[in-house]
Amino acid sequence: MAEPGLTSVREVAVDACATAAELPSVDRLLSLAPVAGLVASAGRSLVVAAARAELEALRSAALAGSLPRAALTDAAFAAAIGKRVAASAASRLQPVYNLTGTVLHTNLGR
């Protein structure tokens, strides 16, 4: 039996994890100053999609019981959304060789 006023290791572990109910709404995330700056530079639809994806990932972690409360700060939300926007906006173009003329004019395509 535990002494009064002392908490067990299990109670501390449960208290350190956040629940899905503690996650903010997308609207609240969009009202954060750094995220509002992202909306101005990258566009609302891209930032909203990034915020929804981040909240979905955090919701999955919360339901699994592995979401630390430290991940629920405004700075952590803004940084995570910023990373997702940067990854989405990054150019995916790669250099290629256009050999269409070579194949057509040398009859190598037959």
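All values derive from a computational prediction rather than experimental measurement. (Residues numbered from 1 in each chain as written. Predicted model: local features only at pLDDT ≥ 70, side-chain atom pairs only at ≥ 80, totals over all residues. Heavy atoms only, no water.)

Asker: Report on the overall build of the protein, specifying residues and quantitative values.
Answerer: Secondary structure assignment for the protein yields six helices and zero strands. Listed N to C, the secondary structure of the protein is α-α-α-α-α-α in terms of helices and strands. Of all 110 residues assigned to the protein, the portion counted as buried reaches 23%. Across the protein, contacts joining residues at least 24 apart in sequence account for 77% of those joining residues at least 6 apart. Counting only carbon and sulfur atoms, one obtains 60% of the accessible surface of the protein, whose full area is about 8000 Å². (Helix = DSSP H or I, 4+ residues; strand = E, 2+ residues; numbered from the N terminus. Buried < 20%, exposed > 50% of the residue type's maximum accessible area, 1.4 Å probe, protein only. Contact = heavy atoms within 4.5 Å. Areas by Shrake-Rupley, 256 points an atom, 1.4 Å probe, with all protein chains shown as cover.)

Asker: Please provide a residue-by-residue account of the packing of helix α3 (residues 33-42) against helix α5 (residues 74-89), values included.
Answerer: Where α3 meets α5, the closest approach of the two axes is 9 Å, and the angle between their N-to-C directions is 15°. In this view, α3 runs roughly parallel relative to α5, as classed from their interaxial angle. Of the two elements, α3 crosses α5, and the hand of that crossing is left-handed. Residues Pro34, Val35, Leu38 and Ala42 of α3 pack against Ala78, Ile81, Gly82 and Val85 of α5. (Axes fitted to C-alpha atoms, helices over the stretch in contact; angles between N-to-C directions. Parallel < 35°, antiparallel > 145°, perpendicular 65-115°, else oblique. Left-handed = near helix turned anticlockwise from the far one by under 90°.)

Asker: Any details on the packing of helix α4 (residues 44-64) against α5? Residues and values, ideally.
Answerer: Where α4 meets α5, the axes come as close as 9 Å, and the angle between the chain directions of the two elements is 120°. Considering their axes alone, α4 and α5 lie oblique with respect to each other. Considering how the two elements wind past one another, α4 and α5 form a crossing that is right-handed. Contacts between α4 and α5 involve Leu46, Val47, Ala50, Ala51, Ala53, Glu54, Ala57 and Leu58 from the first element and Phe77, Ala80, Ile81, Arg84, Val85, Ser88 and Ala89 from the second.

Asker: Please give an account of the nonpolar core that cites residues and values.
Answerer: Membership of the largest hydrophobic core comes to 22 residues, with the highest contact counts inside it found for Leu29, Val35, Val47, Leu67 and Ile81. For this core, the secondary structure elements donating two or more residues are α2 (26-30), α3, α4 and α5. The dominant element in this core, judged by the number of residues it contributes, is α4, at eight residues. Residue contacts for Leu29: discarding those within four places in its chain leaves Pro24, Val35, Ala51, Leu55, Phe77 and Ile81. (Core = buried A, V, L, I, M, F, W, Y, C linked by side-chain atoms within 4.5 Å.)

Asker: I'd like to hear about the side chain of Glu54, residue by residue, with values.
Answerer: Relative to the elements of secondary structure, Glu54 occurs in helix α4. Beyond its immediate sequence surroundings of up to four residues, Glu54 is in contact with Ala80, Ile81 and Arg84.

Asker: If you had to explain α5 to someone new, which residues and values would you point to?
Answerer: Spanning 16 residues, α5 covers 22 Å between terminal C-alpha atoms, matching the ideal 22 Å at 1.5 Å per step. Every buried residue of α5 is accounted for by Phe77, Ala78, Ala80, Ile81 and Val85. One face of α5 carries all of its buried residues, which in axial projection span an arc of 165°. Residues of α5 that are exposed and point over 90 degrees away from its buried face: Ala75 and Lys83. (Expected span 1.5 Å × (residues − 1). Arc of directions from axis to C-beta.)

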